[in-house]
Amino acid sequence: MATRRDKASGSLKTASGALVAWWRAATLDALIVGILWFIGLELIHVPFAPLWAVLGGILQIIPTFGSMIALVGPVFSVAVTGHDEWRLGLVLGLYGLIVVLEGLVIGPYVLHRTTKVPWWAAFFGPIVLGIVFSFWGVLLAPPLLAVVFAFRKPQLPPAQPPGQPPSL
């Protein structure tokens with residue numbers, strides 16, 4: 001029979017494993033976003049594109065506001081190089097594309113693949129928690145979801161009667 005200490009130790013191990021998996025997901029997400037920034041900024045010929053891409057990837061770790069902060073560098077860089085409103089519009093369009101891809105596809109997919117969080121929960125969790133708890137809900141939703149879904153029991157396939165071959 002497991003003691004309280006054993007149960008607490010197992011729970012702590014499950015929660016810490018979920019948080020490590022979430023951190024891996026966040027890091028992979030930031031790497032993908034940084035690569036997207038680099039490709040897009042290079043195609044638009046923005047000065048210091050590698051620097052802005054690295055900053056964009058690093059700032060992606062900050063939920064919601066990181067991507068907005070990452071936009072300041074490329075916009076400023078294009079703005080001071082001359083009267084090129086077309087490239088400025090392309091940078092803003094690139095930002096919009098990256099934010100939509102990350103929020104709707106990349107973020108939920110990466111979180112689902114590295115943790116036990118289903119795609120729908122990774123998508124709707126920050127929205128619901130953001131409505132309920134404002135900034136803190138959005139900030140804490142991904143790691144909280146990773147911990148909550150780590151404690152869910154895995155669904156076992158239905159048992160086969162003896163002597164029956166497994167169904168495909």
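Note: the structure precedes this text.
Since this is a predicted model, take the numbers as computed values, not measurements.

1. Some words on the environment of arginine 24
Turning to its location among the elements, arginine 24 is positioned in helix α1 (residues 4–44). Its relative accessible area of 57% is what places arginine 24 among the exposed residues. Between the C-alpha atoms of arginine 24 and leucine 111, which are 87 residues apart in sequence, the distance is 8.8 Å.

2. Digging into unusual backbone geometry
One non-glycine residue, histidine 45, lies in positive phi territory at about 65 degrees. Along the chain, the position of histidine 45 falls in the loop between α1 and α2 (49–59). Positive phi values are uncommon outside glycine, yet phenylalanine 48 reaches one of about 60 degrees. Examined against the element boundaries, phenylalanine 48 turns out to sit in the loop between α1 and α2.

Thresholds applied
- Residues numbered from 1 in each chain as written.
- Predicted model: local features only at pLDDT ≥ 70, side-chain atom pairs only at ≥ 80, totals over all residues.
- Heavy atoms only, no water.
- Helix = DSSP H or I, 4+ residues; strand = E, 2+ residues; numbered from the N terminus.
- Buried < 20%, exposed > 50% of the residue type's maximum accessible area, 1.4 Å probe, protein only.

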